[in-house]
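Survey of secondary and tertiary structure
Listed below, chain by chain, are the residues.
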Amino acid sequence: GISAMGFVSAASDGLARFERLLLTALIAILVGLIMLNVVTRAFGAAIYWVDETAIYCMIWLVFIGASLTLRMRRHVRVTVFAVMVPEGPRNAMELVIDVLLLAFSAFMIWLAWVWYDPPGIMAAGFDPDAFSGTTFNFIYDEPTTTVGIQKFWIWLVMPWFALTCTVHAAANLIDRLAGRSEVEVA
């Protein structure tokens, strides 16, 4: 059988492969939206929801891409210190960074839970007005400008990001503790 630690790393790798596919699809959608926008504007028949949808697509690209780069250990970092520090302290420093990334990601899950407040919206019978009236949390009330959906659907990328980063950060920490610091996701 697979150990719990092996399961976390395998789950993270599978999630990373899915994120790559999702990023590919989002890039194709973004290019299609931009091309549609160019063509419709050239003919004087602009479709206004296309701009907003392209922006939301880019936002999802950023967060999903950031999650993937975390798993691949290609996130933004200051390397000048890492190359100047001897190997022993560098390994300890990188371990601390992995722990901090895991703590930050878990904190983001908590923030997303508080923001979306699933028990609160359920208690309000999934009525956004009743929910915002009792909690003063207006997450479910704000519509998009031109697309015509509630923004909380767009903002779901935040809980996704928090969850996937937590899985990736946990896998990175497990891999580092097992002596595997380089990750190659197929």
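See the structure printed just above.
A few points on the structure. Remember, predicted model here, so these are calculated numbers, not experimental data. (Residues numbered from 1 in each chain as written. Predicted model: local features only at pLDDT ≥ 70, side-chain atom pairs only at ≥ 80, totals over all residues. Heavy atoms only, no water.)

So, about the pattern of salt bridges. Summed over the entire model, instances satisfying the criterion amount to 7 salt bridges. In this structure, the salt-bridge partner of Asp13 is Arg71, at a minimum N-O distance of 2.8 Å. Of the two residues, Asp13 is situated in helix α1 (residues 4–42) and Arg71 in helix α2 (residues 49–71); the sequence distance between them amounts to 58 residues. The residue Asp98 makes a salt bridge to Arg176 at a minimum N-O spacing of 2.5 Å. (Salt bridge = Lys/Arg side-chain N within 4 Å of Asp/Glu carboxyl O. Helix = DSSP H or I, 4+ residues; strand = E, 2+ residues; numbered from the N terminus.)

Time to look at the packing of α1 against α2. In contact at an axis separation of 9 Å, α1 and α2 are set at 155 degrees when each is read in the N-to-C sense. Considering their axes alone, α1 and α2 lie roughly antiparallel with respect to each other. The two elements α1 and α2 cross, and the hand of that crossing is left-handed. Per-class residue counts for the contact of α1 with α2 are 18 nonpolar, 6 polar and 6 charged. (Axes fitted to C-alpha atoms, helices over the stretch in contact; angles between N-to-C directions. Parallel < 35°, antiparallel > 145°, perpendicular 65-115°, else oblique. Left-handed = near helix turned anticlockwise from the far one by under 90°. Nonpolar A, V, L, I, M, F, W, Y, C, P; charged D, E, K, R; others polar.)

Before going further, it helps to spend a moment on the side chain of Asp98. Considering the arrangement of structural elements, one finds Asp98 in helix α4 (residues 87–116). Among the polar contacts made by the side chain of Asp98, one reaches the side chain of Arg176 at a distance of 2.5 Å. If near-sequence neighbours (up to four positions away) are discounted, Asp98 is found in contact with Arg73, Asn172, Leu173 and Arg176. (Polar contact = N/O pair within 3.5 Å; in protein donor to acceptor, adjacent residues only side chain to side chain. Contact = heavy atoms within 4.5 Å.)

Taking 1.5 Å per residue, 23 residues should reach 33 Å; α2 reaches 33 Å between its end C-alpha atoms and fits that length. Within α2 the residues assigned to the buried category are Val50, Glu52, Ala54, Tyr56, Cys57, Leu61, Ile64, Gly65, Ser67, Leu68, Leu70 and Arg71. Of the surrounding elements, those touching the buried residues of α2 are α1, α4, α7 (151–155) and α8 (157–177). Downstream of α2 by one or two residues, Arg73 has phi in the positive range, about 55 degrees. (Expected span 1.5 Å × (residues − 1). Buried < 20%, exposed > 50% of the residue type's maximum accessible area, 1.4 Å probe, protein only.)

By the definition in use, this model includes 9 aromatic pairs. Aromatic side chains Phe63 and Phe161 sit 5.2 Å apart centroid to centroid with 70 degrees between the ring planes, which places their arrangement in the edge-to-face category. In this pair, Phe63 is assigned in helix α2 and Phe161 in helix α8, connecting sequence segments 98 residues apart. Taken together through their ring pairs, the aromatic side chains of Trp115, Tyr116, Phe131, Tyr140, Phe152, Trp153 and Trp155 make up a single cluster. (Phe/Tyr/Trp six-rings, centres within 6.5 Å; stacked < 30°, edge-to-face > 60°.)

Counting 13 residues, the largest nonpolar core has Leu23, Leu26, Leu30, Leu61, Ile64 and Leu68 as the members making the most contacts within it. Put simply, the parts of the chain that give this core at least two residues each are α1 and α2. Leave out the neighbours within four places in its chain, and Leu61 touches Leu23, Leu26, Ile27 and Leu30. Counting residues in hydrophobic clusters, the runner-up holds 7 residues, among them Ile121, Phe131, Ile139 and Phe152. (Core = buried A, V, L, I, M, F, W, Y, C linked by side-chain atoms within 4.5 Å.)

Looking now at the environment of Leu33. As for its position among the elements, Leu33 is in helix α1. Judged by relative accessible area, Leu33 falls into the buried class, the value being 9%. Taking the C-alpha atoms as reference points, Leu33 and Cys57, separated by 24 residues in sequence, lie 9.4 Å from one another. Once residues within four sequence positions are removed from consideration, Leu33 is found in contact with Trp49, Val50, Thr53 and Ala54.

With that settled, consider the environment of Ala162. Relative to the helices and strands, Ala162 is located in helix α8. Separated by 149 residues in sequence, Ala162 and Asp13 place their C-alpha atoms 16 Å apart. Not counting residues within four places of it along the chain, the set of residues in contact with Ala162 comprises Ser105, Met108 and Ile109.

Here we come to helix α6 (residues 128–135). Between a side-chain oxygen at the N-terminus of α6 and the backbone nitrogen of Asp129 the separation is 3.1 Å; the capping residue is Asp127. Once α6 ends, the next one or two residues include Phe136, with phi positive near 60 degrees.

Take the state of the cysteines next. Counted under the stated rule, the structure contains 0 disulfides. Cys57 takes part in no disulfide bond, and the closest cysteine sulfur to it belongs to Cys165, at a distance of 18 Å. (Disulfide = S-S within 2.5 Å.)

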